Amino acid sequence: MATNAKTRKAARYAVPVAVAGVAAATVAMVPAFANSGGPDLPKVTAQQLIEKVAASDVQQLSGSAKISTDLGLPTLAGGLLGRGGGVTGGSANPEDKIAQLANGTNTVRVAADGPDRQKLTFVDGKDEYSLIHDGADVWGYDSKANEVWHEKNPDGAAPGKDGKKTADRLGGASPQQLAQDVLKAAGPTTDVSVGETAQVAGRDAYQLVLKPKHSGSTIASVKIAVDAKNGVPLRVQVLATEGGKPIVDAGFTKVDFGKPSADTFAFTAPKGAKVTEGAAQGAKGGDHGKQFKGLESLPGLDALTGGAAGKDGKGDMKVLGEGWSAIARIDTGAGKGLQDLDKAAGEKNAPKEAKQFLDSLGGKVTGKFGQGRVFKTRVVNALITDDGKVYVGAVTKDALVQAADANK
C-alpha cells in the first residue's frame, strides 16, 4: 500500500518536476543592449534589468489584462480544462476558474493593494466571476449562477491539490508573478539578453529575452516586458520551438499604479446566493470519476495509471539532464499495461472512450527501448513505453526517444 501511494505521488508530480527542471542556481547573463525600434530608452544590460525587476516595490495597481494560452492539448485533455467544466465541483470554486487560464483566451480585471488585498475578475460578456482576497477572507462569486465560495483565514487554510493556498493562487495569476517565476527558473542553461523596447498598456518597456542554450526544448524563448520606470513586468510571452502563436501571452491592456479604493475589495454575499465554505468543498471534493466514465473497465488502465504499480518495488522517479531539457523518468511497474490497453481498444465491444484515450496518448514510436506512445502537446511531451516506463518533459519527441534509448 505504501509503495502504491509512492508511485501515485511520483506520477502526479512528474510534469511539474520536469518543467521545474528549468530551475538552477544562477542566471547566465548575456551583456546585450536594447535595440532600436520601440520607445527611445536609455540602454541597459540584462543584469541591470533583472535587478530593476527585483528592486521594484510596487504593491498597488489596478487595470485589465488579457491572458491567452495555447498548450496544444488533445481533445480529451482539453475538455477537462474547458469553461465551466472544472473537475473540482461548484461553479464558484476558485480552483475551477484559475484552471481556466490554462486554456483559451481570458479577459480579466485585476487590482492589488499589498499582500493582503487582491481582486481578479473574469469578464465573459455580461457575466463575471470575481475572486477577492480581503485580509482573512477569500471570496469567489459567480454572477451567472449566483453562487458564492468562501474561505476563512487563508493563512491557516489547507493547501489545494497543487500545494498552494487560494490566496497564493490568486496572486500567482498576474503577469508580474508569472514573470518573476520565470526569472527564478532561469539558470546556467539559459541565455538572458535585452531585446527591442516596446509599449505595453501605454507604458514604455524594456524586454528581457530568455532562451535555452541547448537544443531539444519545446520552448524557443520567453519574452518579458518590464516597465521602464518602476520595473513591474507588464507582459510575458512564451514562444514555441515549432512556431505559431505564443504558448502563453499574458499582459496588461490597461494599468494604473495608484492605490485602489477600499471598496474594491469589499464583498457581501448577495441575497439568495448559494454559499459554499471552502473547507467543506475541499473535503467533499469533485466527481473526478465522471470525466473518465467508460474507461474504468479497460484492462491495463489501472496498471498504466499506477493503481497496480509498485508491486515490485518500482515507482521511483529520476530526473535526466538539467534546465530546459530536463526529463523525468518514472518506472511505474505497470509492465504490459499499454499493450493491454491497445488490445482492449481494438475489441469489438470496446467503449469509445478507449480509442479516445489512446488517441490522446498520441502515435506509436519505436527505438532501442522497444515500443511506446508519445503524448504530445506544444509544451510538455511524454513517452509511455510498453514496459511501463514514462519519460516526460518540456522537450521534443526525439529528445524523449533518445532519453529512453539511453536509459532502457
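These figures come from a predicted structure and were not determined experimentally. (Residues numbered from 1 in each chain as written. Predicted model: local features only at pLDDT ≥ 70, side-chain atom pairs only at ≥ 80, totals over all residues. Heavy atoms only, no water.)

Peer 1: Any chance you could explain the sheet that holds strand β14 (residues 317–320) here in plain terms?
Peer 2: Through backbone hydrogen bonds, the strands of a sheet pair up, either in parallel or in antiparallel fashion. As summarised here, the arrangement of the 6 strands in space is β14-β15-β19-β18-β17-β16, forming an open sheet in which the pairing is antiparallel. Each edge of the open sheet carries a strand with a single partner, namely β14 and β16 (364–367). Looking at each pair of strands side by side, their axes are set apart by 25° on average, direction ignored. Inspection of the sheet shows strand β18 (residues 381–385) paired to strand β19 (residues 389–393) by 4 bridges, in the antiparallel sense. Bridging from a neighbouring strand, isoleucine 384 pairs with valine 390 of β19. Docked against the sheet, helix α12 (residues 397–406) engages β14, β15 (327–331), β16, β17 (370–375), β18 and β19, running at close to 40° with respect to β18. (Pairing = 2+ DSSP bridges. Helix = DSSP H or I, 4+ residues; strand = E, 2+ residues; numbered from the N terminus. Axes fitted to C-alpha atoms, helices over the stretch in contact; angles between N-to-C directions. Contact = heavy atoms within 4.5 Å.)

Peer 1: For this particular structure, what's the right way to read the nonpolar core?
Peer 2: Across soluble globular proteins, you tend to see nonpolar side chains buried next to one another. Judged by nonpolar contacts, the single largest core of 55 residues is most densely connected at Leu208, Leu210, Val222 and Ile224. Of the residues forming this core, the biggest block, 5 residues, is contributed by strand β10 (residues 219–227). Counting 13 residues, the second-largest nonpolar core is a separate cluster that includes Leu320, Ile327, Tyr391 and Val401. (Core = buried A, V, L, I, M, F, W, Y, C linked by side-chain atoms within 4.5 Å. Buried < 20%, exposed > 50% of the residue type's maximum accessible area, 1.4 Å probe, protein only.)

Peer 1: So what exactly am I meant to see when it comes to the pattern of salt bridges here?
Peer 2: Where charged atoms of side chains with opposite charge meet at close range, the side chains can pair. This model, assessed by the stated rule, comprises 10 salt bridges. Of the charged contacts, one joins arginine 378 and aspartate 70 as a salt bridge, the two residues approaching to 3.2 Å between their closest N and O atoms. Of this pair, arginine 378 sits in the loop between β17 and β18 while aspartate 70 sits in the loop between β1 (60–69) and α4 (75–79), and the two are 308 residues apart along the sequence. Since its relative accessible area comes to 9%, arginine 378 is described here as buried. Arginine 378 is paired through a salt bridge with glutamate 242; the nearest N and O atoms lie 3.0 Å apart. Taken together, the residues span a long stretch of sequence, with arginine 378 in the loop between β17 and β18 and glutamate 242 in the loop between β11 (233–240) and β12 (248–256) at a distance of 136 residues. Salt bridges linked by common partners bring Asp70, Glu242, Lys376 and Arg378 together as one network. (Salt bridge = Lys/Arg side-chain N within 4 Å of Asp/Glu carboxyl O.)

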